[in-house]
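Analysis of the macromolecular model
In case you want the letters, here they are:
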Amino acid sequence: MTADLIFVLLALLTLVPAVWVAFSRNIVHAGFSLLLTLLGVAGLYAYLGADFVAVTQVMVYVGGVLVLILFTVMMTRVPQNGRPRHGLDRFVPAAVFALGVFGLLYKTITAVEWAASEGAVEPTTAEIGTNFITSYIFPFEYVSLVLLAAMIGAAILIRERRPEETEEPAAPAPETEEEVAS
Amino acid sequence: MSQKLVDSLQREFGTDILAVDSPRGDESVTVAPERLLDVLGHLRCAGCEQLSDVVGVDHPDRAERFELVYLLRSYADNERVQVKVNVAEDAPVPSAAGVYRSANWAEREVYDLLGVPFSGHPDLRRLLCHHEFEGHALRKDYPIEQGQECARPEKLFTDEDIARAAERANDLVSDPDDVHDELHPSDLLTVNIGPSHPATHGALRAEVLLDGENILEARTEIGYIHRCFEKEAEDHTWAQVMPYTDRLNYCSAMLNNSIYAMAVEKTIGVEATPRAQAIRVIVSELSRIIDHLVCVCANLVDIGALTNYWYLYNVRESIYETLEKLCGSRLTTNYARIGGMSHDLFDGFDAEVRTKLDEMDVGNADVMKLIARNRIFLDRTVDVGVISQEDALSWGYTGPCLRATGLAYDLRKLAPYSGYENYDFDIPTGTNGDTHDRIMVRMAEMVQSRSIILQALDKLPDGPLNIDDNSVVLPPKESVYGSIEGVMNQFKLVYEGIQVPAGRGYGFGEGANGELGYYCVSDGTGHPYRLKVRPPCFPIFSSYAELVRGGMIPDAIATLGSLNIIAGELDR
Amino acid sequence: MEAMYAFFMDTAGMDEMAAHITVAVIMATIMFIVMALCAIIFTWMERKVAGFLQSRYGPMRTGRWHGWAQAVADMLKILGKEDIIPAEADKPYFIFAPLLVLLGSLLAWAAIPWAPGFVAADLDLGLFYIFAVTSLVVLGILMAGWASNNKWALYGAARGAAQMVSYEIPLLLATIPVVLYTGSLNTQDIVIAQQGGVLNWFVFRDPFLFIAFWMYFIASIAETNRGPFDMPETESELVAGYHTEYTGMRFAFFFLAEYANLFLVSMIAVMVFLGGWWSPIPGLDFAPAACFVVKGVLMVFLNMWVRWTLPRVRVDQLMHLCWKVMIPVTLVCVVGAGIWMMASGAVG
């Protein structure tokens, strides 16, 4: 009973802000709403007994990705009229893409045999750790390489702007008398 | 003193030099406005690296109403010369801003207060008065009691300025094909550092144009506490001006008092007694120590080293106690008098000052232990706010900020006054002209000041405090109460003021922050006809926008602290 | 804890989930009160420490004895102040931001093991959890700076976010050698592994751990936004940084969170490196909780000592220190500690 209530609350915490993310006209508001959605998802993980994934969700998505998203949103150039455009030309591709993603997710979710756990849940961290460096060592290392490549790429993209001269040419301070007289 | 310069001018320009005179030993030449730039250019090549100030005097009764005096200084030859031009109302004067950078603000001030237009000036706007102010306050026909209400703030950067700055920044980037990095004007942010900002203590304003944390450009606005000191002075007797000088550089009021008294004495043609001079030296050096303490500790607070503040401020507080005991107040000292001092030292002054100086040594040693080899401090100050010696001279730098660039020039040594030639002291210098050197020069100067005070205390001469001239100094009280001559003497001096003979004199000395000068013009009445202050931080602050460009906000704050901008004398 | 569960389930007749929630609420309330008390005590302590270092007294009047009531009086004053919300501010976010900051540290406090068995949330991955939930503080600061609609606040927030996200990395990396030794992220396990006197504390186990401890200490100062790394506030540069526009109660929340975080990182240092509740001499563990708190307060003192001694670094130097010095050094510590462990046979 209480457990169901918690699930409903977590689901609402996930979905309501998600709707706000999609429909908010203020892009920073959308970003901050994402915070609640992500926390809701973390709560769902915890609810399912996946403690490590739940904490990782908070650490990576709330502490890292969301901060980055907000940073990007705050630092990017504002459109000239101050608000993002809302037109049919934007709406149709977005809708098609969203439906596509939904279809894909639906397919995946229904295709997988989900194991239901019974009784008290056990901590998962140690097991995940062991799996990473035994049976999943190759995917794990592969993902590390991809991330490393992404990091190097990012570093190249944002390399420092290097001015040719550090200072502008000096303000008028003529040295010779001719210049002064002229 | 500067006959060489005058001779060279006469050789070069012949009859274009309209007049040569030397009031009170200040060599001056008069030229026509058309020849002004040629003369200044020649003088600059002849070794006058610095334009100290431009003084404007209004003579409504003359056909050429305004008289402008350019005060020039040669550091290499240790010489001074004044160049005068007379211009009619509304007749433009060619701007010297292309020859000396310090002319920029100096001319703006003249334009603001007297309404003399300068042709070819890069940025001829009001400086001390509000941009909505009407009229020119220092003209003789501007009524002193007239008030004006000006409220609208001035925007220092227009949209075009911002667009231009973005373009300039883009031009400087090495890779022109890299479109990702292109700056757009909307990427830039203007932020007001001040007037209500902790680092500008409500009296200065710098609007900076930021690309992230980097300052692309800065513009400054001053005048927030402009109190018309110079206009007020014209409405008071010479002696009545003394308390107002306390409020110029309120961190070292004694120095203002002493140098003002000296300037008026010079204009009259008298010299203070040896005892008064020695006392002035002692209190001036104490003031210098206080001023440096405040500057260094505030600067350290600005870069986050809060604890040093107390180590230095405790000493300052302690010295203030002595000064309070000496003259009755901490800040508004009003201790010097024209022709002497208000009263003699109190008993036990000697011993007390020596104790205070020992305290200072302890405080300074504590601070040096905390900062001298502190990596964070060095990272924050070395190569921050750098100015080259040549630029510093052109901007009109004097005092510790100039010495930090490596030029060992100190008016106490090279144009001695008040008996400074009798004391043995060094001129500390820096090498780099950065914030670190400015702080260290001030720290070292405190040690020298200490040594000067100790020498002065050791050989403090006995003898009269005031000069024996009752046309300058108030008669002794016995005589006032005991004789009709004394009463009359007192009455005349108080009501009509000291009758300074018609003429002019530029009295100057080494203020805590550089050359502090008073250009006195007397018309023979008891009031100053014109009293122009040459505050040391005025030209220094004019370079601030240039100094912080390309740096970051924290650098701008650290630099501001090290320049020791005192709004009281900046705005007057 | 067990007794509480038993009480609610048996006496009050709740089901297991409801009992859990009730206990959690009670513990959260206790934690909040303790946190508020800590903030008050540490404010007073900061002022006394600062006074001591600056050759002055600090508060001396309120409450007679060394001004002990000054912080209480300040709190009461600040609660009575007018709550100003700027007209152009983004109201809901402006109001929510201080709560988020407070929530971050409150959640983290839950996993602190005060004494054997006495921990509000005995999580299997406690250490990881603590670092995860403190990232809410970053968002709170970002939100506060943005919602204030003030340029200085935005600068402070941007600096704060960049700084805290960056310093989280060395902070975490510095604790990894300890996790390697313990083989667990559980906060109690970590403390239990340090039983047996001062030499068994992780800080003195091997040289890499010793370096890691100081790296943790430096990163923790940055993580709590205190001098010399108080970039988000920098009162002389950014006026007051991200909380420039905050007043009264809401400002008090930020204030509270700062001291709560300060004590939090100090307690983590004690827990991870300094033997937790164990006394320095083996066998003298009469008052584990007191021992834990005393060590925590000593760490707080160290933190204050540093704050009142060093000038503030510049924002780019701060980033340089993090990315080019501390992260490489902590990475070396991780690898080095691992090798040391293998070599000394601490692990099979």
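None of the values given here were measured: they were computed from a predicted structure.

Here we come to the overall build of chain B. Assigned secondary structure in chain B consists of 21 helices and 15 strands. For chain B, whose C-alpha radius of gyration is 24 Å, the value lies close to the compact-globule estimate of 25 Å for 572 residues. Across its three principal axes, chain B shows a C-alpha extent of roughly 90 × 60 × 50 Å. Taken across its 572 residues, chain B has 52% of its residues classed as buried. Intrachain contacts of chain B at a sequence separation of at least 6 include 67% that bridge at least 24 residues.

Further remarks concern the interface of chain C and chain B. Counting from both sides, the interface comprises 21 residues of chain C and, opposite them, 26 residues of chain B. A total of 3 residues in the side of chain C that touches chain B trace back to one element, the largest contributor, which is helix α11 (residues 315–344) of chain C. By residue class, the composition of the side of chain C that touches chain B is 8 nonpolar, 6 polar and 7 charged.

A word on the domain arrangement of chain B. Often, the extent of an interface is quoted as the loss of accessible area upon association of its parts. Each assigned domain of chain B is listed here: domain 1 (3–119), domain 2 (159–221) and domain 3 (237–537 + 566–571). Its C-alpha centre places domain 1 of chain B at a distance of 36 Å from the equivalent point of domain 2 of chain B.

This next bit is on the nonpolar core. One broad rule of soluble globular proteins: the nonpolar side chains tend to lie buried together. All names here are of chain B. Core analysis: the largest hydrophobic core is formed by 171 residues, its most contacted members being Leu-40, Leu-68, Tyr-70, Val-264, Leu-286, Phe-541 and Ile-565. Per element, the largest residue contribution to this core is 17 residues, and it comes from helix α8 (residues 274–302). Not counting residues within four places of it along the chain, the set of residues in contact with Tyr-70 comprises Leu-40, Leu-51, Val-54, Gln-82 and Val-83.

Once that is clear, we can look at α11(C). Residue and element names in this part refer to chain C. Its 30 residues place the ends of α11 41 Å apart at the C-alpha level, agreeing with the 44 Å of an ideal helix rising 1.5 Å per residue. The largest bend in α11 is about 35°, located at Met-326, with the proline Pro-328 one to four residues further on. In the stretch just after α11, Gly-345 is the one whose phi turns positive, near 75°.

Right, let's get into the environment of Glu88(C). Checked against the element boundaries, Glu88(C) lands in the loop between α3 (70–79) and α4 (91–109). Distance from Glu88(C) to Gly140(C), taken between C-alpha atoms, is 19 Å for residues 52 residues apart in sequence.

Another aspect to go through is unusual backbone geometry. Residues other than glycine seldom take positive phi values, yet Asn564(B) does so here, at roughly 60°. Tracing the chain through its elements places Asn564(B) in the loop between α20 (553–563) and α21 (567–571). Of note, His66(C) is a non-glycine position whose phi angle comes to about 45°, a positive value. The residue His66(C) is located in the loop between α2 (16–53) and α3 in this model. Among the residues examined, His66(C) registers 16 C-beta atoms within 10 Å and is labelled partly exposed.

This next bit is on helix α6 (residues 137–157) of chain A. With 21 residues, α6(A) should cover 30 Å at 1.5 Å per step; its first-to-last C-alpha distance of 30 Å lies within 8% of that length. When you tally the buried positions in α6(A), you get 0 out of 21 residues, a small fraction of the element.

This brings us to the domain arrangement of chain C. Residues and elements named next belong to chain C. Its domain assignment divides chain C into domain 1 (1–80) and domain 2 (83–344). Measuring from the centre of the C-alpha atoms in domain 1 to the corresponding centre in domain 2 gives 19 Å. At the junction of the two partners, domain 1 supplies 18 residues and domain 2 supplies 19 residues. Within the residue set of the side of domain 1 that touches domain 2, elements represented by two or more residues are α2 and α3. Here the side of domain 1 that touches domain 2 takes 14 residues from α2, the largest share from any one element. Broken down by class, the residue content of the side of domain 1 that touches domain 2 amounts to 15 nonpolar, 2 polar and 1 charged.

The next subject is the confidence of the model for chain C. Where the model shows low pLDDT, its predicted coordinates should not be examined in detail. Residue and element names in this part refer to chain C. Mean pLDDT for chain C: 83, with 96% of residues reaching 70 or above. When mean pLDDT is compared element by element in chain C, helix α8 (residues 207–223) scores highest at 89, while helix α1 (residues 2–11) scores lowest at 69. This complex was scored by the predictor with a pTM of 0.82 and an ipTM of 0.81.

Residue and element names in this part refer to chain B. Here we have 5 strands laid out as an open sheet, ordered β1-β2-β5-β4-β3, and mixed in their pairing. The open sheet has two edge strands, β1 (17–21) and β3 (50–58), and neither has a second partner. Direction aside, the axes of adjacent strands within the sheet are offset by 20° on average. The sheet contact formed by β1 and strand β2 (residues 28–31) spans 4 bridges and is antiparallel. Looking across to β2, one finds that Val-20 is bridged to Val-29. Packing against the sheet, helix α2 (residues 36–45) makes contact with β2, β4 (66–74) and β5 (79–87), and its axis sits at approximately 175° to β5.

Cut-offs applied
- Residues numbered from 1 in each chain as written.
- Chains lettered and ligands numbered in written order.
- Predicted model: local features only at pLDDT ≥ 70, side-chain atom pairs only at ≥ 80, totals over all residues.
- Helix = DSSP H or I, 4+ residues; strand = E, 2+ residues; numbered from the N terminus.
- Rg over C-alpha atoms; globule rule 2.2 N^0.38 Å.
- Buried ≥ 20, exposed ≤ 12 C-beta atoms within 10 Å, placed from the backbone.
- Contact = placed C-beta atoms within 7 Å.
- Nonpolar A, V, L, I, M, F, W, Y, C, P; charged D, E, K, R; others polar.
- Domains from an automatic or database assignment.
- Core = buried A, V, L, I, M, F, W, Y, C linked by C-beta atoms within 7 Å.
- Expected span 1.5 Å × (residues − 1).
- Bend = angle between axes of the 7 residues up to and from the residue.
- pLDDT = per-residue confidence, 0-100.
- Pairing = 2+ DSSP bridges.
- Axes fitted to C-alpha atoms, helices over the stretch in contact; angles between N-to-C directions.

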